[in-house]
Amino acid sequence: MRQFELTAPTTINAALATPGTFLAGGTTLVDLMKLDVLTPQHVLDINGLPLRGIDTSDGLRVGALERMADIAAHPGVYPAISRALLLSASQQLRNMASIGGNLMQRTRCTYFRDVSTPCNKREPGSGCPAIAGTNRMHAVLGTSEQCVATHASDVAVALVALDAEITLVSEDGERVVALADFYRPPGDTPDVENDLRPGELITEVRVARTDWAHRSTYVKVRDRQSYEFALCSAAVALDVRDGLIADARVAAGGVATVPWRLRAVEESLRGKPVSLASFEEAAAQATEGVKPLAHNAFKGSLLKRTIIRALLELTEGELR
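For clarity, every value in this text was computed on a predicted model and none was experimentally measured.

Participant: Can you help me understand the environment of Tyr 183 in this one?
Facilitator: Take Tyr 183: it is sitting in the loop between α8 (179-182) and β8 (201-207). Since its relative accessible area comes to 6%, Tyr 183 is described here as buried. Excluding its chain neighbours within four sequence positions, the residues that come into contact with Tyr 183 are Leu 103, His 151, Ala 156, Glu 193, Asn 194, Val 258 and Pro 259. Side-chain polar atoms of Tyr 183 contact the backbone oxygen of Leu 103, separated by 2.7 Å.

Participant: Mind showing me how you'd approach the sheet that holds strand β4 (residues 54-55) here?
Facilitator: Within a sheet, each strand pairs with its neighbour through backbone hydrogen bonds, oriented either parallel or antiparallel. Spatial ordering of the open sheet is given by β4-β5-β8-β6-β7, a layout of five strands whose pairing is antiparallel. Strand pairing shows two members of the sheet lacking a second neighbour, β4 and β7 (173-178), which therefore form its edges. Pairing of strand β6 (residues 165-170) with β7, which is carried by six bridges, proceeds in the antiparallel orientation. Looking at β7, one finds that Ile 166 is bridged to Val 177.

Participant: Please explain the packing of aromatic side chains as it appears in this structure.
Facilitator: How two aromatic rings sit relative to each other is set out by the distance from centre to centre and by the angle between their planes. Taken as a whole, this structure holds two aromatic pairs when the rule is applied. Centre to centre, the rings of Phe 182 and Tyr 183 are 5.4 Å apart; their planes meet at 70°, and the pair counts as edge-to-face. This pair shows no difference in class: Phe 182 is buried, exactly as Tyr 183 is. Aromatic side chains Tyr 227 and Phe 229 sit 5.8 Å apart centroid to centroid with 55° between the ring planes, which places their arrangement in the tilted category. Its relative accessible area of 33% is what places Tyr 227 among the partly exposed residues.

Participant: When you look at the pattern of salt bridges in this model, what are you seeing that I'm missing?
Facilitator: Between side chains of opposite charge, a pair can form when the charged atoms approach closely. The full count for this structure, using the stated rule, is 23 salt bridges. Between Arg 215 and Glu 318 there is a salt bridge; the shortest N-O distance is 2.0 Å. With Arg 215 in the loop between β8 and β9 (216-221) and Glu 318 in the segment after α11 (298-314), this pair connects stretches of sequence that are 103 residues apart. Residue Arg 215 is classed as partly exposed on the basis of its relative accessible area of 23%. Each of Asp 163, Asp 247, Arg 249, Arg 261, Glu 266, Glu 267 and Arg 270 takes part in a single network of salt bridges with overlapping partners.

Participant: Can you walk me through the sheet that holds strand β11 (residues 244-253) in this structure?
Facilitator: On the basis of which strands lie adjacent, the open sheet formed by four strands has the order β9-β10-β11-β12 and antiparallel pairing. Bordering the open sheet on either side are β9 and β12 (260-261), each of which pairs with just one other strand. Strands β9, β10 (232-241) and β11 of the sheet are contacted by α11, whose axis makes an angle of about 40° with β10.

Participant: Sorry, what's going on with the packing of helix α10 (residues 276-283) against α11 here?
Facilitator: Packed helices, taken two at a time, are described by the angle their axes make and the gap between the axes. At their nearest, the axes of α10 and α11 sit 9 Å apart, and the two run at 145° to each other. α10 and α11 meet at a crossing whose hand is right-handed. Every residue of α11 that contacts α10 at Leu 276, Phe 279, Glu 280 and Ala 283 is listed here: Lys 304, Ile 307, Ile 308, Leu 311 and Leu 312. For the contact of α10 with α11, the per-class residue count stands at seven nonpolar, no polar and two charged.

Participant: Is there a simple way to explain the nonpolar core in this structure?
Facilitator: Most often, soluble globular proteins keep nonpolar side chains buried together rather than apart. Ranked by internal contacts, the top residues of the largest apolar core, which has 41 residues, are Ile 81, Leu 103, Leu 159 and Ile 166. For this core, the element with the most residues is helix α7 (residues 155-161), which contributes seven residues. Of all hydrophobic cores here, the second largest spans 31 residues; its members include Leu 231, Cys 232, Ile 308 and Leu 314.

Participant: What's the story with the pairing of β9 in this structure? I'm lost.
Facilitator: Along a regular strand, successive side chains alternate from one face of the sheet to the other. Counting buried positions along β9 gives six out of six residues, so the element sits mostly inside the fold. Neither face of β9 is open: one carries Ser 216, Tyr 218 and Lys 220, the other Thr 217, Val 219 and Val 221, and all of them are buried.

Participant: Help me out: how do you make sense of empty space enclosed by the protein in this one?
Facilitator: Gaps left between atoms are located by rolling a probe of water-molecule size over the structure's atoms. Across all of its chains, the model carries three cavities of 30 Å³ or more by this definition. In this model, the largest cavity occupies a volume close to 150 Å³. What lines the largest cavity is a set of 17 residues, and nearest its centre among them are Thr 107, Lys 121, His 151, Glu 193 and Thr 257. The residue makeup of the lining of the largest cavity, split by class, is seven nonpolar, six polar and four charged. Reported here for the second largest cavity is a volume of approximately 60 Å³. Lining the second largest cavity we find 13 residues, and of these Cys 109, Cys 119, Cys 128, Cys 147 and Ala 149 sit closest to its centre. When grouped by side-chain class, the residues that make up the lining of the second largest cavity number ten nonpolar, two polar and one charged.

Cut-offs applied
- Residues numbered from 1 in each chain as written.
- Predicted model: local features only at pLDDT ≥ 70, side-chain atom pairs only at ≥ 80, totals over all residues.
- Heavy atoms only, no water.
- Helix = DSSP H or I, 4+ residues; strand = E, 2+ residues; numbered from the N terminus.
- Buried < 20%, exposed > 50% of the residue type's maximum accessible area, 1.4 Å probe, protein only.
- Contact = heavy atoms within 4.5 Å.
- Polar contact = N/O pair within 3.5 Å; in protein donor to acceptor, adjacent residues only side chain to side chain.
- Pairing = 2+ DSSP bridges.
- Phe/Tyr/Trp six-rings, centres within 6.5 Å; stacked < 30°, edge-to-face > 60°.
- Salt bridge = Lys/Arg side-chain N within 4 Å of Asp/Glu carboxyl O.
- Axes fitted to C-alpha atoms, helices over the stretch in contact; angles between N-to-C directions.
- Left-handed = near helix turned anticlockwise from the far one by under 90°.
- Nonpolar A, V, L, I, M, F, W, Y, C, P; charged D, E, K, R; others polar.
- Core = buried A, V, L, I, M, F, W, Y, C linked by side-chain atoms within 4.5 Å.
- 1 Å grid on protein atoms, 1.4 Å probe; cavity = no way out; pocket = protein on both sides within 12 Å on 5 of 7 lines; lining within 4 Å.
- Points joined across faces, edges and corners; volume = space filled by probe spheres on them.

Below, the structure written as structure tokens:
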């Protein structure tokens, strides 16, 4: 690991006034520093900042430094969020990792993490060897000729499905951004992964109150049940009234370059009876725009099956 300077500001103003890379749980940053993928000269340990607290009295408000394990265990947290957190990592990592850091984590693409290979995320213009290389774990939605890496976060998928917002603070003031708009597909600038501006810090995650979001789940399909990243995942919330689906929220992970909101699936579900036929018809909309690679064509059909599985889980005993 390269030498770096470590400081620990105790106020938000002090943290914002000091150029550097923010460190919370360190479960992503330290790994990438060891691999030489990231080489910050100045690291700011922000664990002393007042960015904690979990409030479920009116929706959900979570300080950016709250640990994943504590949020998952907190009463009143929407099930899709809690389950996504529990399925994200080992207990040890969940005890360390912060919610803000989880939303900022980098892709697990092996080419990105191997500095001996080209990668447009690390070095724009160097190429994307995953496109013609080993790409079983890579994206089939939201890709470009510059990058096909999947987004790694599980809880970001659940939060995008539930229309979450994040609060960002800089010396210029505060702004609130929809999480779905915060992430950027690679396009021609795969190195620009989100809308975080220089000097900004995530301070809070918010999810507006939606009573029926308590009827939600997160289904994760992976190669092994122990700690592993998603081949495919689905976050689903349903509003069911008198056997009909009044509203729905659906997002997918493991298949796209960003947490992927599936609005066509949601629209197909609205007004339909709770039935397997309705679920299959809606899930068929999920593969619009899919661009498979040599080793991941299975992800299209897997995505449909994962969505159906989540819908069936939420409506067990109600199918017509």
